[in-house]
Amino acid sequence: MVTRLEIVDAGLRTTVQDAGRCGWEHLGVPRGGALDFAAYRWANRLAANRADLAALECLLAGVTVRPDTDVWAGVTGARQVRIDGRSVPAWSGFRVPGETSLEIQALDGARCYVAFQGGIAVPPVLGSRSTYLPAALGGFEGRPLRSGDLLPLGMAGPMPQVEILRAPTRAITSPLQTRFAPGLRRDRLPEEALSILLSQPFTVSPQSNEMGLRLLGPPLPPGAGTMFSEPMPVGGIQITPGGHAIVLLNARGTIGGYPVLGTVITPDTWRLGQARPGDPISFAAVSVEEARRVTVDALQDLEAATPAALPICGKPGKT
Amino acid sequence: MGDSALMVEPADAGAATVSALAESIRSALARHRAVDVIPSYSSLLVRYDPTDLAAGRIEAIVRGIRVAPFERATRHFLVPVAYGGSLSPDLDDVAALSGMSTQEVIHRYCSARYTIRCIGFSPGFPYLDGLDPSLHTPRLETPRPRVPAGSVAIGGSQTGIYPFETPGGWRILGRTPLRLFDPALDPPVPYRPGDTIEFTSITWEEFERLSGLPVRSGEEKSW
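To keep things clear, this report deals only with the structure shown in the data block. (Residues numbered from 1 in each chain as written. Chains lettered and ligands numbered in written order. Predicted model: local features only at pLDDT ≥ 70, side-chain atom pairs only at ≥ 80, totals over all residues. Heavy atoms only, no water.)

### Some words on the overall build of chain A
Move 1: Each helix and strand counted, chain A has four helices and 21 strands in total.
Move 2: Since a compact globule built from 319 residues should have a radius of gyration of about 20 Å, the 20 Å found for chain A is in line with a globular shape.
Move 3: With respect to the three principal axes, the spread of C-alpha positions in chain A is 60 × 40 × 35 Å.
Move 4: Here chain A holds 319 residues, and the buried ones make up 59% of them. (Helix = DSSP H or I, 4+ residues; strand = E, 2+ residues; numbered from the N terminus. Rg over C-alpha atoms; globule rule 2.2 N^0.38 Å. Buried < 20%, exposed > 50% of the residue type's maximum accessible area, 1.4 Å probe, protein only.)

Okay, structure coming up:
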């Protein structure tokens, strides 16, 4: 019998996400997937899953769900977790009895993750269950969840024989100092752009989303003239003609026409996924070598703590 | 470009070279995980997992690839576009900036055969070469938060089609009723860099009738 999960209160915007959609970016389909990759993987670990199963990602507000049979769940990124009104510790995994409600509130940052043993079993689209909203692709009918939706869960193994599973660390820290490697297109921007980005405070604009984090702050001098559109890296810091900086996140446009001043290191893009509107952001420059070293360490630590049965995002798509 | 991506700019940066090089790199790295190779006008981006592949290794592989002359047969796509009213919010501005009537703008826009340089930004968005120089028009100062799906638009010397509603700063001339991206099809986008596109003007009645049909290759109208 398939376990079904009823969405009792979908919150502000809850979507199904996984590790993302690899191998389709040459057709303009961004990888997407969970923005705070570490918190997403820990939610799966706490749900006794391999780390790449589909989970719920809730934006700015929580979610209330009700499974129709007993299920093991893992929650990261929220401080208030209740089962039928009874509190359970934050950042933990636990049993949710059938027909009881699991209520998640008070996010640590901008996004929390709720995983269930067996994973959310929506059909994969182009190799991933992630929701990509602009093209209504993947997830549950390609859209944010609504109250009353019924989601199928995958086949679960035996539940952990413990009362509770805990995550040893919290992955979210604030304020955010964001490390980036100055990039290839610095020469298309005035010198001052880099010094302003490094010395001045910025805050997160409410117009941010999973395509990009828009920054509010002192104007940055834009590049002169126009350039042909070129591929955009995730983490790229775009400077618009209006002098605004946008840090490109997982669901960015794969090709863009604004010069990129530098690229935020991968683990710091996960943390930017937790930045709320109004949060302060400051920047620090690192060398490409240091960026690679820090990222490899972070990915290896995460893989050791939250193993995936398959290489994350490992199946290349057909051309 | 950071810790998990490399930008490659081939010396001979023709569209055919960049696209063929991207395909060769994709094949060479097929056994590695988390690889995406995104070609554009004169450069391409290789995304990789730095725990699986070192940047130096990718550089060596890329340097070892010799791109054969572009031999793949190209295909042609005829794309119907309706103009006027709410479908063409920037047609009057483009006409004013180019000093032509809107009819002349539409005529010139539909007279060219465009070459697809790359696909991206959003799923299936074709970046097209071959825009009549008299129609080159600067991008909007402030991008629109929402460009309707199917909009055909001009950005500088480039033109393209927005397959989905996304933000965008290009000037919108008209709208195609056809569907350009379908994840249920293999491949989900029928055209590739090097293929050609031609626009043909249709009425609003035809627009209604063709709404949601898939784009197909061929020299003649498929509707």
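Structure shown, so let's carry the discussion forward.
### Quick word on the interface of chain A and chain B
Move 1: Taken together, the 50 residues of chain A in the interface contact 48 residues of chain B.
Move 2: For the chain A and chain B pair, buried surface summed over both sides reaches about 4000 Å², with 62% attributable to carbon and sulfur atoms.
Move 3: If you sort the residues of chain A by the area they bury against chain B, Leu27, Pro231 and Ile255 of chain A come out on top, with a joint share of 15%.
Move 4: Residue Glu25 of chain A pairs with Arg47 of chain B through a salt bridge whose shortest N-O separation is 3.0 Å.
Move 5: Counting the contacts that link chain A with chain B gives 13 residue pairs in polar contact (both at pLDDT 80 or more).
Move 6: Among the secondary structure elements, those contributing two or more residues to the side of chain A that touches chain B are strand S16 (230–231), strand S20 (260–264) and helix H4 (288–305) of chain A.
Move 7: Split by residue class, the side of chain A that touches chain B holds 30 nonpolar, 13 polar and seven charged. (Contact = heavy atoms within 4.5 Å. Buried area = accessible area lost by both parts, 1.4 Å probe. Salt bridge = Lys/Arg side-chain N within 4 Å of Asp/Glu carboxyl O. Polar contact = N/O pair within 3.5 Å; in protein donor to acceptor, adjacent residues only side chain to side chain. Nonpolar A, V, L, I, M, F, W, Y, C, P; charged D, E, K, R; others polar.)

### Let's talk about empty space enclosed by the protein
All names here are of chain A.
Move 1: All chains considered together, the criterion is met by two cavities of 30 Å³ or more.
Move 2: Of the pockets and cavities examined, the largest cavity occupies roughly 100 Å³.
Move 3: Along the walls of the largest cavity sit 14 residues, with Gln17, Gly33, Thr131, Glu210 and Ala251 positioned nearest its centre.
Move 4: It is strand S2 (residues 13–17) that provides the largest number of residues to the lining of the largest cavity, a total of three residues.
Move 5: Taken together, the residues of the lining of the largest cavity break down into five nonpolar, six polar and three charged. (1 Å grid on protein atoms, 1.4 Å probe; cavity = no way out; pocket = protein on both sides within 12 Å on 5 of 7 lines; lining within 4 Å. Points joined across faces, edges and corners; volume = space filled by probe spheres on them.)

### Things to note about the nonpolar core
Move 1: Ranked by internal contacts, the top residues of the largest apolar core, which has 46 residues, are Tyr83, Val105, Tyr109, Leu173, Tyr191, Ile197 and Phe199 of chain B.
Move 2: Among the elements of the structure, strand S4 (76–83), helix H3 (91–98), helix H4 (102–109), strand S5 (114–119), strand S8 (151–155), strand S12 (196–202) and helix H5 (204–210) of chain B are those that each provide at least two residues to this core.
Move 3: It is S4 of chain B that provides the largest number of residues to this core, a total of five residues.
Move 4: Those residues in contact with Leu173 of chain B, other than ones at most four positions away along the chain, are Tyr83, Leu87, Ser88, Leu91, Val94, Val105, Tyr109, Val152, Ala153 and Ile154 of chain B.
Move 5: In this structure, Tyr113, Phe180, Ala193 and Ile281 of chain A belong to the second largest nonpolar core, which totals 42 residues. (Core = buried A, V, L, I, M, F, W, Y, C linked by side-chain atoms within 4.5 Å.)

### Focus on the sheet that holds S8 of chain B
All names here are of chain B.
Move 1: Overall, mixed pairing links the seven strands, which are arranged S4-S11-S8-S9-S6-S5-S12 in a closed barrel. Adjacent strand axes in the sheet meet at a mean angle of 40 degrees, parallel and antiparallel pairs treated alike.
Move 2: As defined by bridge partners, S5 adjoins strand S6 (residues 126–129) across four bridges and the pair is classed as antiparallel. Within S6, the residue paired with Cys118 across the bridge is Tyr127. (Pairing = 2+ DSSP bridges. Axes fitted to C-alpha atoms, helices over the stretch in contact; angles between N-to-C directions.)

### Quick word on the sheet that holds strand S21 (residues 280–285) of chain A
Residues and elements named next belong to chain A.
Move 1: Strand order in this closed barrel of seven strands is S13-S20-S17-S18-S15-S14-S21, and the pairing throughout is mixed. Shown here is a sheet whose adjacent strand axes are inclined to one another by a mean of 40 degrees, direction ignored.
Move 2: Its contacts with the sheet put helix H2 (residues 191–199) on strand S13 (176–182), strand S14 (202–204), strand S17 (236–239), S20 and S21, and the angle it makes with S21 is roughly 125 degrees.

### A look at H3 of chain B
All names here are of chain B.
Move 1: Of the residues making up H3, those classed as buried are Leu91, Val94 and Ala95. Burial along H3 is one-sided: seen end-on, the buried residues are contained in an arc of 100 degrees. Among the exposed residues of H3, those oriented more than 90 degrees off its buried face are Asp92, Ala96 and Leu97.
Move 2: Buried residues along H3 sit in contact with H4, S8 and strand S11 (171–175).
Move 3: One or two residues past the end of H3 sits Gly99, with phi positive at roughly 70 degrees. (Arc of directions from axis to C-beta.)

### Overview of the pairing of S17 of chain A
Residues and elements named next belong to chain A.
Move 1: Judged by which residues are buried, S17 turns out to be covered on both faces: Gly236 and Gln238 on one side and Ile237 and Ile239 on the other are all buried.
Move 2: For S17 and strand S18 (residues 245–248), the ladder comprises three bridges, and the chain directions are antiparallel. The partner of Ile237 across the bridge, within S18, is Val247.
Move 3: The turn linking S17 back onto S18 is made up of five residues, and Gly243 within it adopts a positive phi angle of 85 degrees.

### Observations regarding the layout of surface pockets
Which parts of space are left empty comes out when a probe the size of a water molecule is rolled across the atoms.
Move 1: Of the volumes computed, that of the largest pocket is approximately 1400 Å³.
Move 2: Looking at the largest pocket, it is lined by 46 residues, and the ones nearest its centre are Arg214 of chain A together with Pro143, Arg144, Pro167 and Gly168 of chain B.
Move 3: Looking at the lining of the largest pocket, the elements that each hand over two or more residues are strand S15 (212–216), S18 and strand S19 (255–256) of chain A together with strand S7 (144–147) and strand S10 (166–168) of chain B.
Move 4: Of the residues contributing to the lining of the largest pocket, the split by class is 21 nonpolar, 16 polar and nine charged.

### Let's talk about the pairing of S5 of chain B
Look at any regular strand and the pattern is simple: side chains alternate between the two faces of the sheet.
Residue and element names in this part refer to chain B.
Move 1: For S5, the buried fraction is high: five of the six residues fall into the buried class.
Move 2: In this structure, S5 lies alongside S12, joined through two bridges in antiparallel fashion. Counted as the bridge partner of Thr115 is Thr196 from S12.

### Side note on the packing of helix H1 (residues 37–46) of chain A against H4 of chain A
Residues and elements named next belong to chain A.
Move 1: Here H1 crosses H4 at 10 degrees, and the two axes come no closer than 10 Å. On the basis of their axis angle, the class for H1 and H4 is roughly parallel. The way H1 lies across H4 gives a crossing that is right-handed. In this structure, H1 contributes Phe37, Ala38, Arg41, Trp42 and Arg45 to the contact, and H4 contributes Leu302, Glu303 and Ala305.
Move 2: Grouping the constituent residues of the contact of H1 with H4 by class yields five nonpolar, no polar and three charged. (Parallel < 35°, antiparallel > 145°, perpendicular 65-115°, else oblique. Left-handed = near helix turned anticlockwise from the far one by under 90°.)

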